[in-house]
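# Observations on the model geometry
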Amino acid sequence: MLALPKRKLRCSFCKKSETQVARLIGGAAGGYICEDCVGVCNTILDAAPSPFKSWNDLTDEQLLTSIKASEASVAALHSLIHAQVAALRKREVSWTAIGKVLGVSRQAAWERFS
Ligand SMILES: [Zn+2]
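Since the model is a prediction, treat every value here as computed from it, not as a measurement. (Residues numbered from 1 in each chain as written. Predicted model: local features only at pLDDT ≥ 70, side-chain atom pairs only at ≥ 80, totals over all residues. Heavy atoms only, no water.)

### Side note on a nonpolar patch on the surface
The cut-off we apply is this: The patches reported here contain residues having more than 30% relative accessible area and no salt bridge. Joining distances are 9 Å for like charges and 5 Å for nonpolar side chains (Val, Leu, Ile, Met, Phe, Trp, Tyr). Accessible areas in this description were obtained via Shrake-Rupley with a 1.4 Å probe; residue shielding takes into account the shown protein chains only. For salt bridges, the criterion is a side-chain nitrogen of Lys or Arg within 4 Å of an Asp or Glu carboxyl oxygen. Secondary structure elements follow DSSP: runs of H or I of four or more residues count as helices, runs of E of two or more count as strands, with numbering from the N terminus.
A cluster of nonpolar side chains, contributed by Val-101, Leu-102 and Val-104, occupies part of the molecular surface with about 250 Å² of accessible area. Inspection of the secondary structure assignment puts Val-104 in the loop between helix 3 (95-102) and helix 4 (106-113).

What follows is the structure, encoded as C-alpha cells:
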C-alpha cells in the first residue's frame, strides 16, 4: 500500500495552499481563509456598510466596488462548493444525498457538479 503524502492546508475560498499565502486562518468547522480572501471580505463589508441600507443609498463608486467584490466572492464560493462536492463524491456520497441537502434532484446535482 502506498503512503499518501501529507496534504497541504488550503484556503477554503480560493484554494491557494499554505505555501502560496502569507497567512492562513483556521475556523472551528475545519475551514481555512487566507489573508487575501479576508481582504475581499473586508472590501465587501466596507462597500456595504450596513445590511439595512438600501442600494440606493450607496454612491456609484460604493456600488461599483461592491459588485466587483461580490463577484470575487461568488467565484470563491463557487470554487468552495465544487471542492466540497468533489470531497463528498470521493467518499462515495450519492448524488441523491447531495441533491437532497441542496434542495434539487439527483439529476440536477449531477448536472451542476460533475
Ligand atoms: Zn483565499
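### Observations regarding the pattern of salt bridges
The criterion, for reference: Three labels apply to residues, based on accessible area from a 1.4 Å probe with only protein chains included: buried if under 20% of the type maximum, exposed if over 50%, partly exposed otherwise in between.
One pass over the structure, following the stated rule, counts 2 salt bridges. A salt bridge links Lys-16 to Asp-36, with the shortest nitrogen-to-oxygen separation between them at 3.1 Å. Placement of Lys-16 in the segment before strand 1 (24-26) and of Asp-36 in helix 1 (residues 35-47) is noted, with a sequence separation of 20 residues between them. Across the pair Glu-35 and Arg-23 runs a salt bridge whose closest N-O atoms are separated by 2.9 Å. Residue Glu-35 is located in helix 1, and its partner Arg-23 is located in the segment before strand 1; the two are separated by 12 residues in the primary sequence. Residue Glu-35 is classed as partly exposed on the basis of its relative accessible area of 33%. For Arg-23, a relative accessible area of 55% puts it in the exposed group.

### Some words on the coordination of the zinc ion
Condition: Donor atoms: N, O and S within 2.8 Å of the metal, or within 3.2 Å for Na, K and Ca. Because water is excluded, sites can look incomplete.
For the zinc ion, the full set of protein donor atoms is Cys-11 (SG), Cys-14 (SG), Cys-34 (SG) and Cys-37 (SG), and the range of their distances to it is 2.3 to 2.4 Å. For the zinc ion, all donor residues lie on one chain, and their spacing in sequence is C-x2-C-x19-C-x2-C. Given a relative accessible area of 0%, Cys-34 falls into the buried group.

### Examining the environment of Lys-68
Tracing the backbone shows Lys-68 in helix 2 (residues 60-90). Separated by 25 residues in sequence, Lys-68 and Thr-43 have C-alpha atoms that sit 9.4 Å apart.

### Some details on helix 3
The criterion, for reference: Directions drawn from the helix axis to the C-beta atoms are what define this arc. Contact definition: two residues touch when any of their heavy atoms are within 4.5 Å.
Residues of helix 3 that are buried include every one of Trp-95, Ile-98 and Gly-99, and no others. On an axial view of helix 3, the arc spanned by its buried residues comes to 95 degrees, and they lie on one face. Opposite the buried face of helix 3, by more than 90 degrees, sit the exposed residues Lys-100 and Val-101. Contact partners of the buried residues in helix 3: helix 2 and helix 4. Just downstream of helix 3, Gly-103 is the residue with a positive phi angle, here 75 degrees.

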